[in-house]
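Residue-level listing of the chains:
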Amino acid sequence: MQCLGFLWLALAAVLGSVLGLGEDLDRPLFGPPGSPIRLQESDPGLKKALLFAEERYNRGSNAMHLRRVSRFISATKQLVKGIRYTVTVELSNTQCKKSAMLRTCDFYPESQKLKTEVCVFEVWDIPWQGTSTLLKQKCQPKGQSAAWKQSNRLIIQHESVELLGQFKEFMVRYNKDYSSQEEADHRLRIFHQNLKTAEKLQSLDQGSAEYGVTKFSDLTEEEFRSTYLNPLLSQWTLHRPMKPAAPVQGPAPDSWDWRDHGGVSPVKNQGMCGSCWAFSVIGNIEGQWFLKNGTLLSLSEQELVDCDGLDQACRGGLPSNAYEAIEKLGGVETESDYSYTGHKQTCDFTTGKVVAYINSSVELSKDEKEIAAWLAENGPISVALNAFAMQFYRKGVSHPLKIFCNPWMIDHAVLMVGYGERKGIPFWAIKNSWGEDYGEQGYYYLYRGSNACGINKMCSSAVVN
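Residues numbered from 1 in each chain as written. Predicted model: local features only at pLDDT ≥ 70, side-chain atom pairs only at ≥ 80, totals over all residues. Heavy atoms only, no water.

(A) Spotlight on the overall build of the protein. When its secondary structure is counted, the protein shows 10 helices and 16 strands. With 465 residues in all, the protein has 52% of them scored as buried. Summarising the internal contacts of the protein: among those between residues at least 6 apart in sequence, 74% fall at separations of at least 24. Within the structure as shown, the protein displays about 21,300 Å² of accessible surface, and the carbon and sulfur contribution to it stands at 52%. (Helix = DSSP H or I, 4+ residues; strand = E, 2+ residues; numbered from the N terminus. Buried < 20%, exposed > 50% of the residue type's maximum accessible area, 1.4 Å probe, protein only. Contact = heavy atoms within 4.5 Å. Areas by Shrake-Rupley, 256 points an atom, 1.4 Å probe, with all protein chains shown as cover.)

(B) Representation of the pairing of strand β15 (residues 443–447) in the model. Taken across its five residues, β15 has four buried, putting it largely inside the fold. As paired strands, strand β12 (residues 397–398) and β15 are joined by two bridges and run parallel to one another. Bridge assignment links S398 to a residue of β15, and that residue is L446. Looking at chain direction, strand β14 (residues 425–431) and β15 are connected through five bridges and run antiparallel. Residue pairing across strands places K431 opposite Y443, the latter belonging to β15. (Pairing = 2+ DSSP bridges.)

(C) Examining the state of the cysteines more closely. Taken as a whole and assessed by the stated rule, the structure comprises five disulfides. Linked covalently through their sulfurs, C96 and C105 form a disulfide whose S-S length is 2.2 Å. As the torsion about the S-S bond is roughly -110°, the C96-C105 disulfide counts as left-handed. Here the two residues C96 and C105 agree in accessibility, since each one is buried. The disulfide bridge from C405 ends at C453, spanning 1.8 Å between sulfur atoms. Torsion about the S-S bond of the C405 and C453 cystine: about 120°, corresponding to right-handed handedness. With C405 in the loop between β12 and β13 (412–422) and C453 in the loop between β15 and β16 (460–463), this residue pair connects regions lying 48 residues apart in the sequence. According to the relative accessible area criterion, C405 is buried, its value standing at 2%. The class of C453 is buried, set by a relative accessible area of 3%. Here the cysteine-cysteine linkages of the protein are recorded as 1-2, 3-4, 5-7, 6-8, 9-10, numbering only bonded cysteines and doing so in sequence order. (Disulfide = S-S within 2.5 Å.)

(D) Region of the structure containing the side chain of E122. Relative to the assigned elements, E122 resides in strand β4 (residues 117–126). By relative accessible area, E122 is classed as buried at 8%. Ignoring sequence-local partners within four residues, the contact set of E122 consists of R84, Y85, T86, T133, L134, L135, K136 and K200.

(E) Fine view of unusual backbone geometry. One non-glycine residue, N451, lies in positive phi territory at about 55°. Its identity as a non-glycine residue notwithstanding, C453 has a phi of 60°, on the positive side.

(F) Spotlight on the pattern of salt bridges. Under the counting rule described, the total for this entry stands at 22 salt bridges. R422 serves as the salt-bridge partner of E440, at 2.9 Å between the closest nitrogen and oxygen. One end of the pair, E440, is in the loop between β14 and β15; the other, R422, is in strand β13, and 18 residues separate them in sequence. One network of salt bridges, in which partners are shared, links K268, E286, E301 and E335. (Salt bridge = Lys/Arg side-chain N within 4 Å of Asp/Glu carboxyl O.)

(G) Summary view of empty space enclosed by the protein. Scanning the entire structure with this criterion turns up two cavities of 30 Å³ or more. Its boundaries defined by the atoms lining it, the largest cavity holds a volume of some 110 Å³. What lines the largest cavity is a set of 13 residues, and nearest its centre among them are F279, S280, K431, N432 and S433. Every element with two or more residues in the lining of the largest cavity is listed here: α7 (276–293) and β13. Take the lining of the largest cavity: its biggest share by element is five residues, from α7. Residues belonging to the lining of the largest cavity are distributed by class as follows: five nonpolar, four polar and four charged. (1 Å grid on protein atoms, 1.4 Å probe; cavity = no way out; pocket = protein on both sides within 12 Å on 5 of 7 lines; lining within 4 Å. Points joined across faces, edges and corners; volume = space filled by probe spheres on them. Nonpolar A, V, L, I, M, F, W, Y, C, P; charged D, E, K, R; others polar.)

(H) Spotlight on helix α9 (residues 319–329). Looking at α9, one finds that the buried residues are P319, S320, N321, A322, Y323, A325 and I326. Just beyond α9, the residue with positive phi is G330, at close to 105°.

(I) Here's a closer look at the sheet that holds β4. The sheet built from five strands is open, its strands ordered β1-β2-β3-β4-β5 with antiparallel pairing. With one partner strand each, in any of the chains shown, β1 (37–38) and β5 (131–141) form the two edges of the open sheet. Bridge analysis of strand β2 (residues 65–79) against strand β3 (residues 83–97) gives 12 bridges, and the strand direction is antiparallel. Residue pairing for β3: S74 is matched across the bridge by T88. Seen against the sheet, helix α5 (residues 181–204) touches β2, β3, β4 and β5 and runs at an angle of roughly 55° to β3. (Axes fitted to C-alpha atoms, helices over the stretch in contact; angles between N-to-C directions.)

(J) Representation of the nonpolar core within the structure. Among the nonpolar cores identified, the biggest contains 57 residues, and I381 and Y444 are the most heavily contacted of them. Of all the secondary-structure elements, those providing two or more residues to this core are β4, α5, α6 (221–228), α10 (368–378), β10 (381–385), β13, β14 and β15. Apart from residues lying up to four places away in sequence, I381 is in contact with N284, L364, I371, W374, L375, V414, L415, M416, C459 and S460. Counting residues in hydrophobic clusters, the runner-up holds 20 residues, among them M242, W277, A278 and I326. (Core = buried A, V, L, I, M, F, W, Y, C linked by side-chain atoms within 4.5 Å.)

Structural data, given as C-alpha coordinates:
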(Lines give C-alpha, C1' and ligand atoms only; values in the text may rest on other atoms or scores of the structure.)
Protein backbone atom coordinates (compact mmCIF):
# COMPACT_ATOMS: atom_id res chain seq x y z
CA MET A 1 0.00 0.00 0.00
CA GLN A 2 1.44 3.37 -1.08
CA CYS A 3 0.85 5.17 2.20
CA LEU A 4 2.51 2.56 4.40
CA GLY A 5 5.76 4.10 3.19
CA PHE A 6 4.61 7.43 4.60
CA LEU A 7 4.41 5.85 8.07
CA TRP A 8 8.16 5.57 8.39
CA LEU A 9 8.60 9.21 7.38
CA ALA A 10 6.02 10.08 9.99
CA LEU A 11 7.87 7.92 12.51
CA ALA A 12 11.08 9.83 11.86
CA ALA A 13 9.24 13.12 12.40
CA VAL A 14 7.62 11.90 15.61
CA LEU A 15 10.85 10.54 17.07
CA GLY A 16 12.63 13.73 16.08
CA SER A 17 10.13 15.78 18.03
CA VAL A 18 10.39 13.41 21.00
CA LEU A 19 14.18 13.47 21.16
CA GLY A 20 14.13 17.27 20.90
CA LEU A 21 11.69 17.84 23.70
CA GLY A 22 14.25 19.38 26.01
CA GLU A 23 12.59 20.62 29.18
CA ASP A 24 9.11 20.94 27.64
CA LEU A 25 7.62 17.52 28.35
CA ASP A 26 4.03 18.69 28.13
CA ARG A 27 4.29 19.78 24.48
CA PRO A 28 1.82 17.68 22.44
CA LEU A 29 3.39 15.13 20.09
CA PHE A 30 1.27 16.39 17.24
CA GLY A 31 0.14 19.79 16.07
CA PRO A 32 -3.35 20.80 14.99
CA PRO A 33 -5.97 19.72 14.12
CA GLY A 34 -7.30 18.25 17.34
CA SER A 35 -4.24 19.04 19.49
CA PRO A 36 -4.37 20.57 22.98
CA ILE A 37 -4.14 24.38 23.20
CA ARG A 38 -1.46 25.85 25.47
CA LEU A 39 -2.79 28.09 28.28
CA GLN A 40 -1.48 30.96 30.36
CA GLU A 41 -1.69 30.77 34.14
CA SER A 42 -4.23 33.63 34.13
CA ASP A 43 -6.85 31.64 32.17
CA PRO A 44 -10.10 31.70 34.27
CA GLY A 45 -11.12 28.15 33.35
CA LEU A 46 -7.64 26.88 34.22
CA LYS A 47 -7.79 28.59 37.62
CA LYS A 48 -11.07 26.84 38.36
CA ALA A 49 -9.67 23.48 37.24
CA LEU A 50 -6.55 23.94 39.39
CA LEU A 51 -8.60 24.75 42.50
CA PHE A 52 -10.67 21.62 41.86
CA ALA A 53 -7.55 19.45 41.41
CA GLU A 54 -5.96 20.95 44.52
CA GLU A 55 -9.09 20.22 46.58
CA ARG A 56 -9.30 16.61 45.33
CA TYR A 57 -5.59 16.09 45.99
CA ASN A 58 -5.95 17.26 49.61
CA ARG A 59 -9.11 15.23 50.13
CA GLY A 60 -7.30 12.05 49.07
CA SER A 61 -4.02 12.77 50.87
CA ASN A 62 -3.10 11.30 54.26
CA ALA A 63 -0.86 14.28 55.05
CA MET A 64 -1.57 16.40 58.13
CA HIS A 65 -1.14 19.75 56.35
CA LEU A 66 -2.91 21.24 53.37
CA ARG A 67 -0.89 21.53 50.19
CA ARG A 68 -1.21 24.31 47.61
CA VAL A 69 0.17 25.13 44.19
CA SER A 70 3.51 26.81 44.78
CA ARG A 71 4.62 27.05 41.13
CA PHE A 72 2.80 26.85 37.81
CA ILE A 73 4.76 25.01 35.10
CA SER A 74 2.46 24.48 32.10
CA ALA A 75 -1.13 23.73 31.05
CA THR A 76 -3.17 22.83 28.00
CA LYS A 77 -6.85 22.43 27.27
CA GLN A 78 -8.68 20.32 24.71
CA LEU A 79 -12.33 20.49 23.66
CA VAL A 80 -13.77 16.96 23.84
CA LYS A 81 -17.41 16.81 25.03
CA GLY A 82 -16.45 19.49 27.52
CA ILE A 83 -13.00 20.90 28.33
CA ARG A 84 -10.10 18.64 29.32
CA TYR A 85 -7.33 20.47 31.20
CA THR A 86 -3.86 18.93 31.55
CA VAL A 87 -1.83 20.86 34.13
CA THR A 88 1.72 20.50 35.46
CA VAL A 89 2.43 22.33 38.74
CA GLU A 90 4.47 22.14 41.92
CA LEU A 91 2.59 21.50 45.17
CA SER A 92 4.08 22.38 48.57
CA ASN A 93 3.10 22.11 52.22
CA THR A 94 1.38 25.02 53.94
CA GLN A 95 1.35 25.70 57.67
CA CYS A 96 -2.40 25.01 57.80
CA LYS A 97 -3.58 21.73 59.20
CA LYS A 98 -6.45 20.09 57.33
CA SER A 99 -8.72 20.38 60.35
CA ALA A 100 -8.20 24.15 60.57
CA MET A 101 -10.63 26.50 58.83
CA LEU A 102 -8.31 29.38 57.98
CA ARG A 103 -8.72 32.00 55.26
CA THR A 104 -5.02 32.15 54.41
CA CYS A 105 -2.47 29.36 54.42
CA ASP A 106 1.16 30.41 54.10
CA PHE A 107 3.89 28.10 52.92
CA TYR A 108 6.63 27.00 55.31
CA PRO A 109 9.60 29.37 55.18
CA GLU A 110 11.98 26.43 55.63
CA SER A 111 12.55 24.64 52.29
CA GLN A 112 12.97 21.21 53.92
CA LYS A 113 9.42 21.43 55.31
CA LEU A 114 7.83 22.35 51.99
CA LYS A 115 8.22 18.77 50.66
CA THR A 116 7.49 20.01 47.15
CA GLU A 117 6.08 17.62 44.56
CA VAL A 118 5.77 18.00 40.80
CA CYS A 119 2.22 16.94 39.82
CA VAL A 120 0.36 16.38 36.59
CA PHE A 121 -3.43 16.71 36.87
CA GLU A 122 -6.02 16.04 34.20
CA VAL A 123 -9.42 17.62 34.85
CA TRP A 124 -12.54 17.19 32.71
CA ASP A 125 -14.85 20.18 33.08
CA ILE A 126 -18.43 20.26 31.73
CA PRO A 127 -19.40 23.94 32.14
CA TRP A 128 -23.01 23.56 30.99
CA GLN A 129 -23.58 20.83 33.60
CA GLY A 130 -21.52 22.46 36.34
CA THR A 131 -19.50 19.26 36.85
CA SER A 132 -15.79 18.49 37.00
CA THR A 133 -13.98 15.13 37.15
CA LEU A 134 -10.36 14.43 38.10
CA LEU A 135 -9.23 11.99 35.43
CA LYS A 136 -5.55 11.72 36.36
CA GLN A 137 -3.22 12.65 39.21
CA LYS A 138 0.47 11.80 39.04
CA CYS A 139 2.94 13.29 41.52
CA GLN A 140 6.67 12.85 42.14
CA PRO A 141 8.98 14.50 44.73
CA LYS A 142 10.67 17.50 43.16
CA GLY A 143 14.12 16.05 43.75
CA GLN A 144 13.29 13.20 41.38
CA SER A 145 12.10 15.45 38.56
CA ALA A 146 15.22 15.07 36.38
CA ALA A 147 15.00 11.28 36.48
CA TRP A 148 11.27 11.54 35.93
CA LYS A 149 11.76 13.65 32.80
CA GLN A 150 14.29 11.24 31.36
CA SER A 151 11.93 8.35 32.12
CA ASN A 152 9.10 10.23 30.38
CA ARG A 153 11.29 10.78 27.31
CA LEU A 154 11.91 7.06 26.99
CA ILE A 155 8.24 6.26 27.56
CA ILE A 156 7.15 8.78 24.89
CA GLN A 157 9.71 7.40 22.44
CA HIS A 158 8.45 3.86 23.02
CA GLU A 159 4.83 4.97 22.72
CA SER A 160 5.56 6.73 19.43
CA VAL A 161 6.98 3.56 17.88
CA GLU A 162 4.03 1.62 19.26
CA LEU A 163 1.60 4.21 17.84
CA LEU A 164 3.00 3.84 14.33
CA GLY A 165 2.71 0.07 14.63
CA GLN A 166 -0.92 0.36 15.67
CA PHE A 167 -1.66 2.74 12.82
CA LYS A 168 -0.01 0.44 10.27
CA GLU A 169 -2.06 -2.51 11.58
CA PHE A 170 -5.22 -0.38 11.41
CA MET A 171 -4.55 0.58 7.78
CA VAL A 172 -3.97 -3.02 6.72
CA ARG A 173 -6.94 -4.43 8.64
CA TYR A 174 -9.44 -1.90 7.31
CA ASN A 175 -7.87 -1.51 3.85
CA LYS A 176 -7.14 2.20 4.33
CA ASP A 177 -5.34 3.96 1.49
CA TYR A 178 -4.56 7.68 1.72
CA SER A 179 -3.86 9.90 -1.25
CA SER A 180 -0.69 11.62 -0.02
CA GLN A 181 1.85 11.83 2.77
CA GLU A 182 0.03 14.92 4.11
CA GLU A 183 -3.24 12.98 4.29
CA ALA A 184 -1.53 10.02 5.98
CA ASP A 185 0.07 12.37 8.56
CA HIS A 186 -3.28 14.06 9.13
CA ARG A 187 -5.02 10.71 9.72
CA LEU A 188 -2.22 9.58 12.03
CA ARG A 189 -2.75 12.66 14.21
CA ILE A 190 -6.50 11.97 14.38
CA PHE A 191 -5.85 8.29 15.12
CA HIS A 192 -3.58 9.30 18.01
CA GLN A 193 -6.20 11.63 19.50
CA ASN A 194 -8.88 8.97 19.11
CA LEU A 195 -6.75 6.45 20.99
CA LYS A 196 -6.64 8.91 23.89
CA THR A 197 -10.41 9.40 23.75
CA ALA A 198 -10.95 5.64 23.71
CA GLU A 199 -8.64 5.30 26.72
CA LYS A 200 -10.71 7.87 28.61
CA LEU A 201 -13.93 6.08 27.70
CA GLN A 202 -12.37 2.83 28.87
CA SER A 203 -11.13 4.20 32.19
CA LEU A 204 -14.49 5.80 33.03
CA ASP A 205 -16.91 3.20 31.64
CA GLN A 206 -19.30 1.84 34.24
CA GLY A 207 -20.07 -1.40 32.39
CA SER A 208 -17.90 -4.14 30.88
CA ALA A 209 -17.23 -2.58 27.46
CA GLU A 210 -13.93 -2.63 25.63
CA TYR A 211 -13.11 0.51 23.64
CA GLY A 212 -10.23 0.97 21.24
CA VAL A 213 -9.34 0.87 17.56
CA THR A 214 -12.28 0.52 15.18
CA LYS A 215 -12.74 1.18 11.47
CA PHE A 216 -13.71 4.75 12.42
CA SER A 217 -10.46 5.53 14.28
CA ASP A 218 -9.07 7.85 11.60
CA LEU A 219 -12.13 10.13 11.63
CA THR A 220 -12.59 13.25 13.73
CA GLU A 221 -15.73 13.40 15.84
CA GLU A 222 -17.25 15.87 13.37
CA GLU A 223 -16.40 13.69 10.34
CA PHE A 224 -17.88 10.65 12.03
CA ARG A 225 -21.04 12.53 13.01
CA SER A 226 -21.61 14.13 9.61
CA THR A 227 -20.97 10.90 7.67
CA TYR A 228 -22.63 8.18 9.75
CA LEU A 229 -25.00 9.86 12.19
CA ASN A 230 -28.30 11.72 12.03
CA PRO A 231 -28.45 15.29 13.41
CA LEU A 232 -32.20 15.60 12.81
CA LEU A 233 -33.01 13.16 15.63
CA SER A 234 -32.22 15.70 18.36
CA GLN A 235 -34.26 18.48 16.76
CA TRP A 236 -37.40 17.89 18.78
CA THR A 237 -39.43 20.57 17.00
CA LEU A 238 -39.34 18.42 13.83
CA HIS A 239 -40.97 15.42 15.47
CA ARG A 240 -44.60 14.82 14.60
CA PRO A 241 -46.80 13.41 17.38
CA MET A 242 -47.49 9.68 17.22
CA LYS A 243 -50.28 7.78 18.91
CA PRO A 244 -49.19 5.91 22.05
CA ALA A 245 -48.77 2.14 21.97
CA ALA A 246 -51.18 0.10 24.05
CA PRO A 247 -49.48 -1.02 27.28
CA VAL A 248 -48.53 -4.64 27.75
CA GLN A 249 -50.58 -6.47 30.34
CA GLY A 250 -48.02 -8.86 31.85
CA PRO A 251 -44.50 -8.27 33.22
CA ALA A 252 -41.44 -8.64 31.01
CA PRO A 253 -39.58 -11.97 31.05
CA ASP A 254 -36.09 -11.88 32.58
CA SER A 255 -34.53 -11.91 29.12
CA TRP A 256 -35.61 -12.00 25.48
CA ASP A 257 -33.91 -11.93 22.10
CA TRP A 258 -35.77 -11.89 18.78
CA ARG A 259 -32.70 -13.33 17.05
CA ASP A 260 -33.46 -16.58 18.86
CA HIS A 261 -37.01 -16.55 17.46
CA GLY A 262 -36.22 -15.81 13.80
CA GLY A 263 -37.45 -12.22 13.79
CA VAL A 264 -34.24 -10.38 12.84
CA SER A 265 -32.54 -10.23 9.42
CA PRO A 266 -28.71 -10.21 9.07
CA VAL A 267 -26.75 -7.05 9.93
CA LYS A 268 -26.65 -4.53 7.06
CA ASN A 269 -24.34 -1.62 6.25
CA GLN A 270 -25.53 1.93 5.63
CA GLY A 271 -22.11 2.92 4.24
CA MET A 272 -21.03 6.56 4.17
CA CYS A 273 -24.61 7.79 4.35
CA GLY A 274 -26.60 9.12 7.32
CA SER A 275 -29.51 6.76 6.58
CA CYS A 276 -29.59 5.00 9.95
CA TRP A 277 -33.22 6.11 10.35
CA ALA A 278 -34.20 4.01 7.30
CA PHE A 279 -32.37 0.91 8.60
CA SER A 280 -33.96 1.29 12.03
CA VAL A 281 -37.49 1.55 10.62
CA ILE A 282 -37.06 -1.20 8.01
CA GLY A 283 -35.65 -3.54 10.68
CA ASN A 284 -38.73 -2.88 12.78
CA ILE A 285 -41.08 -3.54 9.85
CA GLU A 286 -39.22 -6.78 9.03
CA GLY A 287 -39.92 -7.92 12.59
CA GLN A 288 -43.56 -6.82 12.54
CA TRP A 289 -44.20 -8.58 9.23
CA PHE A 290 -42.54 -11.73 10.58
CA LEU A 291 -44.75 -11.75 13.67
CA LYS A 292 -47.96 -11.33 11.65
CA ASN A 293 -47.12 -13.57 8.69
CA GLY A 294 -44.41 -15.97 9.87
CA THR A 295 -41.98 -14.99 7.08
CA LEU A 296 -38.78 -13.00 7.61
CA LEU A 297 -38.10 -10.79 4.58
CA SER A 298 -35.11 -8.55 3.96
CA LEU A 299 -36.78 -5.27 2.96
CA SER A 300 -35.48 -2.22 1.11
CA GLU A 301 -33.90 0.74 2.91
CA GLN A 302 -33.06 2.35 -0.42
CA GLU A 303 -36.77 2.76 -1.14
CA LEU A 304 -36.98 5.10 1.85
CA VAL A 305 -33.76 6.93 0.94
CA ASP A 306 -35.10 7.62 -2.57
CA CYS A 307 -38.85 7.97 -2.06
CA ASP A 308 -39.41 9.44 1.43
CA GLY A 309 -40.05 13.11 0.63
CA LEU A 310 -40.39 14.03 4.32
CA ASP A 311 -36.81 13.11 5.23
CA GLN A 312 -33.38 14.05 3.91
CA ALA A 313 -31.91 10.75 2.65
CA CYS A 314 -28.21 10.59 3.62
CA ARG A 315 -28.49 13.83 5.59
CA GLY A 316 -30.81 12.28 8.16
CA GLY A 317 -34.43 11.54 8.86
CA LEU A 318 -37.01 10.68 11.51
CA PRO A 319 -38.62 7.28 12.07
CA SER A 320 -42.02 8.95 12.50
CA ASN A 321 -41.72 10.42 8.98
CA ALA A 322 -40.52 7.13 7.54
CA TYR A 323 -43.58 5.24 8.78
CA GLU A 324 -45.84 7.87 7.23
CA ALA A 325 -43.95 7.73 3.93
CA ILE A 326 -44.32 3.93 3.73
CA GLU A 327 -48.04 4.20 4.42
CA LYS A 328 -48.42 6.74 1.59
CA LEU A 329 -46.30 4.70 -0.82
CA GLY A 330 -48.39 1.62 -0.12
CA GLY A 331 -45.68 -0.71 1.17
CA VAL A 332 -42.09 -1.87 0.88
CA GLU A 333 -40.19 -3.82 -1.76
CA THR A 334 -37.54 -6.43 -0.98
CA GLU A 335 -33.84 -5.67 -0.70
CA SER A 336 -33.17 -7.72 -3.83
CA ASP A 337 -35.78 -5.85 -5.91
CA TYR A 338 -34.74 -2.39 -4.69
CA SER A 339 -31.11 -2.77 -3.60
CA TYR A 340 -29.10 -0.37 -1.45
CA THR A 341 -26.63 2.05 -3.04
CA GLY A 342 -25.86 4.40 -0.13
CA HIS A 343 -26.81 7.60 -1.96
CA LYS A 344 -30.06 9.26 -3.02
CA GLN A 345 -31.42 8.38 -6.48
CA THR A 346 -34.64 9.02 -8.36
CA CYS A 347 -37.48 7.11 -6.71
CA ASP A 348 -37.95 3.77 -8.51
CA PHE A 349 -40.76 2.35 -6.37
CA THR A 350 -43.10 -0.10 -8.09
CA THR A 351 -46.45 -0.91 -6.48
CA GLY A 352 -46.49 -4.35 -8.10
CA LYS A 353 -43.32 -5.34 -6.24
CA VAL A 354 -44.65 -4.56 -2.75
CA VAL A 355 -44.18 -7.54 -0.40
CA ALA A 356 -44.98 -5.93 2.97
CA TYR A 357 -47.06 -3.01 4.20
CA ILE A 358 -47.95 -1.25 7.44
CA ASN A 359 -51.23 0.19 8.69
CA SER A 360 -49.98 2.76 11.21
CA SER A 361 -47.26 3.43 13.78
CA VAL A 362 -47.04 3.97 17.53
CA GLU A 363 -44.76 5.58 20.09
CA LEU A 364 -43.76 3.51 23.12
CA SER A 365 -43.45 4.34 26.79
CA LYS A 366 -40.22 5.92 28.05
CA ASP A 367 -40.06 3.50 30.99
CA GLU A 368 -37.39 0.87 30.33
CA LYS A 369 -39.31 -1.90 32.10
CA GLU A 370 -42.34 -1.20 29.93
CA ILE A 371 -40.13 -1.03 26.83
CA ALA A 372 -38.73 -4.50 27.66
CA ALA A 373 -42.21 -5.95 28.18
CA TRP A 374 -43.43 -4.46 24.90
CA LEU A 375 -40.41 -5.78 22.99
CA ALA A 376 -40.82 -9.33 24.31
CA GLU A 377 -44.48 -9.40 23.32
CA ASN A 378 -44.49 -7.32 20.12
CA GLY A 379 -41.11 -7.54 18.39
CA PRO A 380 -37.95 -5.49 17.74
CA ILE A 381 -38.25 -1.74 18.32
CA SER A 382 -36.95 1.27 16.40
CA VAL A 383 -34.95 3.33 18.91
CA ALA A 384 -32.41 6.18 18.89
CA LEU A 385 -29.49 7.15 21.10
CA ASN A 386 -26.40 9.31 21.53
CA ALA A 387 -23.69 7.45 19.59
CA PHE A 388 -20.52 9.24 20.75
CA ALA A 389 -19.11 6.17 22.54
CA MET A 390 -20.09 3.90 19.64
CA GLN A 391 -17.27 5.26 17.46
CA PHE A 392 -14.74 3.40 19.64
CA TYR A 393 -16.84 0.44 20.89
CA ARG A 394 -15.43 -3.05 20.36
CA LYS A 395 -17.37 -5.41 22.66
CA GLY A 396 -19.02 -5.86 26.07
CA VAL A 397 -21.80 -3.88 27.75
CA SER A 398 -21.26 -0.16 27.21
CA HIS A 399 -22.20 2.20 30.04
CA PRO A 400 -20.62 5.61 29.35
CA LEU A 401 -20.76 8.54 31.75
CA LYS A 402 -23.24 11.24 30.79
CA ILE A 403 -20.39 13.60 29.87
CA PHE A 404 -19.78 11.32 26.89
CA CYS A 405 -23.38 10.42 26.24
CA ASN A 406 -25.82 13.30 26.77
CA PRO A 407 -29.31 11.72 26.61
CA TRP A 408 -30.76 14.83 24.93
CA MET A 409 -28.23 14.86 22.09
CA ILE A 410 -29.58 11.84 20.20
CA ASP A 411 -27.93 11.31 16.82
CA HIS A 412 -28.26 7.66 15.71
CA ALA A 413 -31.24 5.36 15.02
CA VAL A 414 -30.86 1.62 15.59
CA LEU A 415 -32.96 -1.51 16.19
CA MET A 416 -33.47 -2.90 19.69
CA VAL A 417 -33.84 -6.68 19.34
CA GLY A 418 -33.51 -8.00 22.89
CA TYR A 419 -32.33 -7.62 26.45
CA GLY A 420 -30.80 -9.64 29.27
CA GLU A 421 -27.83 -9.72 31.64
CA ARG A 422 -24.12 -10.49 31.35
CA LYS A 423 -22.39 -11.30 34.63
CA GLY A 424 -24.99 -9.30 36.50
CA ILE A 425 -24.90 -6.30 34.11
CA PRO A 426 -28.30 -5.66 32.47
CA PHE A 427 -28.15 -4.77 28.77
CA TRP A 428 -30.07 -3.93 25.63
CA ALA A 429 -29.06 -5.87 22.49
CA ILE A 430 -28.94 -3.39 19.62
CA LYS A 431 -28.65 -4.21 15.94
CA ASN A 432 -26.55 -1.52 14.28
CA SER A 433 -26.22 -0.70 10.57
CA TRP A 434 -22.43 -0.33 10.20
CA GLY A 435 -21.69 -3.85 8.94
CA GLU A 436 -20.69 -7.07 10.68
CA ASP A 437 -17.13 -5.81 11.22
CA TYR A 438 -18.44 -3.34 13.82
CA GLY A 439 -18.76 -4.18 17.54
CA GLU A 440 -19.92 -7.72 18.29
CA GLN A 441 -20.72 -9.04 14.81
CA GLY A 442 -22.49 -5.78 14.04
CA TYR A 443 -24.24 -5.44 17.42
CA TYR A 444 -23.87 -2.92 20.22
CA TYR A 445 -24.73 -3.79 23.83
CA LEU A 446 -25.84 -0.89 26.02
CA TYR A 447 -26.50 -0.78 29.76
CA ARG A 448 -30.19 -1.18 30.63
CA GLY A 449 -31.87 0.51 33.57
CA SER A 450 -30.50 4.08 33.66
CA ASN A 451 -31.89 5.47 30.37
CA ALA A 452 -28.26 5.43 29.17
CA CYS A 453 -27.50 7.63 26.15
CA GLY A 454 -31.19 8.54 25.81
CA ILE A 455 -32.11 5.02 24.65
CA ASN A 456 -35.64 5.41 26.06
CA LYS A 457 -36.54 8.74 24.45
CA MET A 458 -37.55 7.72 20.92
CA CYS A 459 -38.95 4.18 20.87
CA SER A 460 -41.49 3.40 18.14
CA SER A 461 -42.92 0.68 15.97
CA ALA A 462 -44.94 0.16 12.85
CA VAL A 463 -48.31 -1.59 13.21
CA VAL A 464 -49.34 -4.39 10.84
CA ASN A 465 -52.97 -5.44 11.29
